[in-house]
Amino acid sequence: MGPTPLAHHRIRHHGKALMQHVTLNDGHTMPQLGFGVWQVPDDEAQAAVTTALEAGYRSIDTAKLYQNERGTGRALASSGIDREELFVTTKLWNDEQGYDNALKAFDASLDRLGLDYVDLYLIHWPAPKQDAYVDTWKALERIRSEGRARSIGVSNFTVQTLDRLVAETDVVPVLNQIELHPYFSQETMRAANARHGLLTEAWSPLGQGGELLGDPELTAIGERHGKSVAQVVLRWHLQLGNVVIPKSVTPSRIRENIDVFDFELSAEEMDRIGALDRGGRIGPDPDELG
Ligand code: NAD
């Protein structure tokens, strides 16, 4: 499969940093690279998000599960950056599924973030055993129609759960956030997302900083470009058309991970990275969780 065609490519400056934006199927735009805050404790989230905003990130990915919506919100409020320039994502947890639960969960997330609206609200996992994701989605459609979430999407949806959601509801999700990195490149799921007009957003884009970042092939490619392995991996995602949300709490790495808009991988390098796929997940199986 070739790269997913993007509706739109725009490079803009965020302070000193360059950033590419993508257009979602509902007409809104978002930065193609954002900052993830899973496993960042609430009392460290403010500092980490502040560092990210200073480095030029404008998109922040949190979730009810991460228990750091308050710290994230404090960083957004104290940044002095216009709300319209920020792109804030949060997610509904598995014990908040169902129509009424989802409406309450959203209010609570918005309150913890200290915001009037989020840019993107996601169902975190389909939790097919609960069989509630269609009703949950109807609540998200309402939240969207009220303007309290500008866009709505899903995470960890499989071919089957995505097909059913699209068939049984009115609004197509703008994206599906799934585990995706060179060792688990998710060709089938990326094609399914594209078929429905959704973007693919990669979680654990750096493979959680494990073995992937020591991979000899990626190291060699990085040396050729004068870039780190993390930068090569992020560049691969961007050229595939993925939205990407790397996480770090280390200021130098936070800055390194956004510095990926000044080089380009060749088609041959893209293929070599694509060939590293091992077909194995780090995270849970979406058919089982929840
Ligand atoms: P990641 O792939 O972004 O890896 C993060 C780790 O990689 C860091 O903790 C650090 O150890 C290392 N690292 C980061 N930058 C580095 C650099 N430049 N050089 C060397 N090492 C570096 O992993 P992640 O946090 O699992 O995923 C990113 C984000 O995706 C999360 O923070 C969260 O927002 C989201 N996420 C979503 C789900 C979901 O179910 N929707 C699941 C997991 C993660």
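Here the structure is a predicted model, which means the values were calculated and not measured.

Enquirer: What am I meant to see in the site of the ligand here?
Expert: Residues in close proximity to the ligand total 27 residues, the closest being Asp61, Ser155, Gln177, Ser204 and Leu206. For the ligand, an oxygen atom lies 2.7 Å from a polar atom in the side chain of Ser204. Between the ligand and Asn257, the relevant distance is 2.9 Å, taken from a nitrogen atom to a side-chain nitrogen or oxygen of the residue. Here the ligand has 840 Å² of accessible area as a free molecule, and 89% of this is covered by the chains. With three residues, the top contributor of residues to the shell around the ligand is helix α9 (residues 251–258). Here the shell around the ligand is built from residues that sort into eleven nonpolar, eleven polar and five charged.

Enquirer: I would appreciate a short explanation of the pairing of strand β9 (residues 175–179) in the present structure.
Expert: Looking along a regular strand, one sees side chains alternate from face to face of the sheet. Where burial is concerned, most of β9 is hidden: five out of the five residues are buried. Sheet topology note: the strand β8 (residues 149–155)/β9 ladder contains two bridges and is parallel. Opposite Ser155, over in β9, you have Gln177 as the bridge partner. Taking the sense of rotation as the criterion, the β-α-β connection linking β8, helix α5 (residues 159–168) and β9 turns out right-handed. One ladder, built from five bridges, connects β9 with strand β10 (residues 199–203); its direction is parallel. In the sheet register, Asn176 faces β10, and the bridge partner there is Thr200.

The rules behind each value
Residue positions are counted from 1 within each chain, in the order its sequence is given. Selection of residues for local features in this predicted model requires a pLDDT of at least 70, selection of side-chain atom pairs for listing and counting requires 80 or more, and totals for whole chains, interfaces and linings are taken over all residues. To obtain the side-chain values, all non-hydrogen atoms of the structure were included, while hydrogens and water were left out. We call a residue near a molecule or strand when any one of its heavy atoms sits within 4 Å of it. Residues adjacent in sequence count toward polar contacts only when both atoms are side-chain atoms; beyond that, a polar contact is any pair of N or O atoms within 3.5 Å, and within protein one must be able to donate a hydrogen and the other to accept it. Here the Shrake-Rupley method, with its probe set to 1.4 Å, supplies the accessible areas, and only the displayed protein chains count as covering residues. By definition, any uninterrupted DSSP run of H or I lasting at least four residues is a helix, any uninterrupted run of E lasting at least two residues is a strand, and each is numbered from the N terminus. Ten residue types, Ala, Val, Leu, Ile, Met, Phe, Trp, Tyr, Cys and Pro, are classed as nonpolar, four, Asp, Glu, Lys and Arg, as charged, and the remainder, Gly among them, as polar. Exposure categories follow from relative accessible area, calculated using a 1.4 Å probe and restricted to protein chains: below 20% of the type maximum is buried, above 50% is exposed, and the middle band is partly exposed. By the convention used here, strands pair only if DSSP detects at least 2 bridges between them. Looking down the strands as they point away from the viewer, one classifies a crossover as right-handed if the path from the first strand across the helix to the second runs clockwise.

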